[in-house]
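Notes for the structure review
Chain by chain, the residues run as shown.
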Amino acid sequence: MRLLKWLDEHFEEAILVVLLVLISCVELVQVIVRNIPFIPALTWAEEFCRFCWIWSVFLSLPYTIRKASMLRVSILLDVFPSKVKNTLNIVVDVVTAATMCLLGIHSISVIQRIVKSAESSPAMKWPMWAIYSIMLAGFFLATLRGLQQAYSHIRHFHEKELSTIEQTMAEAAEEAEAGRRAEGGEG
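Here is a short report on the structure shown in this document.

Criteria and thresholds
- Residues numbered from 1 in each chain as written.
- Predicted model: local features only at pLDDT ≥ 70, side-chain atom pairs only at ≥ 80, totals over all residues.
- Heavy atoms only, no water.
- Helix = DSSP H or I, 4+ residues; strand = E, 2+ residues; numbered from the N terminus.
- Rg over C-alpha atoms; globule rule 2.2 N^0.38 Å.
- Buried < 20%, exposed > 50% of the residue type's maximum accessible area, 1.4 Å probe, protein only.
- Contact = heavy atoms within 4.5 Å.
- Axes fitted to C-alpha atoms, helices over the stretch in contact; angles between N-to-C directions.
- Parallel < 35°, antiparallel > 145°, perpendicular 65-115°, else oblique.
- Nonpolar A, V, L, I, M, F, W, Y, C, P; charged D, E, K, R; others polar.
- Salt bridge = Lys/Arg side-chain N within 4 Å of Asp/Glu carboxyl O.
- Disulfide = S-S within 2.5 Å.

A look at the overall build of the protein chain
Along the protein chain, the regular secondary structure elements total six helices and zero strands. For the protein chain, whose C-alpha radius of gyration is 21 Å, the value lies well above the compact-globule estimate of 16 Å for 187 residues. Viewed in the frame of its principal axes, the protein chain has a C-alpha envelope of about 65 × 55 × 35 Å. Counting the 187 residues in the protein chain, one finds 28% classified as buried. A separation of at least 24 residues holds for 74% of the contacts in the protein chain among residues at least 6 apart in sequence.

Dropping the structure here:
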């Protein structure tokens, strides 16, 4: 059960961190190797890092939905009463989930065309359908996260949600408190 809770809270985060570390390490090695004459160049490094960046984009979709940090004009919601605001949040969550699901369904046909073409990447010779499969995974995971957010908003419908300014102030207070604890722990 703890594993499921951890996956729910950190799945995308963990993969995004791994991808960022991979990109950083491969690029660092590529820069170092480029300046050493007797070591052959890493012809695959740029392509690999490009794929990692693409994967991180598609995996950041469900992450931003789960963290409720998708781009939206939330200050506009602050003028509405709590029940209207909560209703609009549910509508936005359902529209987001439906949009991601629709994009996921359409990505299936894209991947099928790539499979039929038998195309592979130039440097690493990976099948391109495998590279593009992250698109499908990202959209369907984003669909699940959208539904999860809608469920959460429905469950907490009668609770008053903090305004944008109140959320910002609470986050700043949490960061300040974490900073004070970190300083206290160092000494």
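Additional details are given in the paragraphs that follow.
Details of unusual backbone geometry
Here the phi dihedral of Ala118 falls at roughly 55°; this positive angle occurs in a residue that is not glycine. Mapped onto the elements, Ala118 comes out in the loop between α4 (82-117) and α5 (128-155). Judged by its relative accessible area of 64%, Ala118 falls in the exposed class. Here the phi dihedral of Lys125 falls at roughly 65°; this positive angle occurs in a residue that is not glycine.

Digging into the side chain of Thr143
Note on placement: Thr143 falls in helix α5. Once residues within four sequence positions are removed from consideration, Thr143 is found in contact with Ala97, Met100 and Cys101.

Observations regarding the packing of helix α2 (residues 45-66) against α5
Packing of α2 against α5 leaves a shortest axis separation of 7 Å and a crossing angle of 10°. Accordingly, the angle class assigned to the pair α2 and α5 is roughly parallel. In this structure, α2 uses Phe51, Trp55, Phe58, Leu59, Leu61, Pro62, Ile65 and Arg66 to contact α5, whose residues at the interface are Met128, Ile131, Ile134, Met135, Gly138, Phe139, Leu141, Ala142, Arg145, Gly146, Gln148 and Gln149. Grouping the amino acids of the contact of α2 with α5 by side-chain chemistry returns 14 nonpolar, four polar and two charged.

A short note on the pattern of salt bridges
Throughout the structure, instances matching the rule amount to eight salt bridges. As a salt-bridge pair, Arg66 and Asp8 come within 4.0 Å of each other at their nearest N and O atoms. Of the two residues, Arg66 sits in helix α2 while Asp8 sits in helix α1 (residues 2-34), which places them 58 residues apart along the sequence. In this structure, the salt-bridge partner of Arg50 is Glu46, at a minimum N-O distance of 3.1 Å. Of the two residues, Arg50 and Glu46 both sit in helix α2, four residues apart, roughly one turn of that helix. By sharing partners, the salt bridges in this structure join Asp8, Glu12, Arg66 and Arg145 into a single network.

Notes on the state of the cysteines
Within this structure, the stated rule accounts for zero disulfides. Cys52 carries a free sulfur, and the closest cysteine sulfur to it, the one in Cys49, is 6.1 Å from it.

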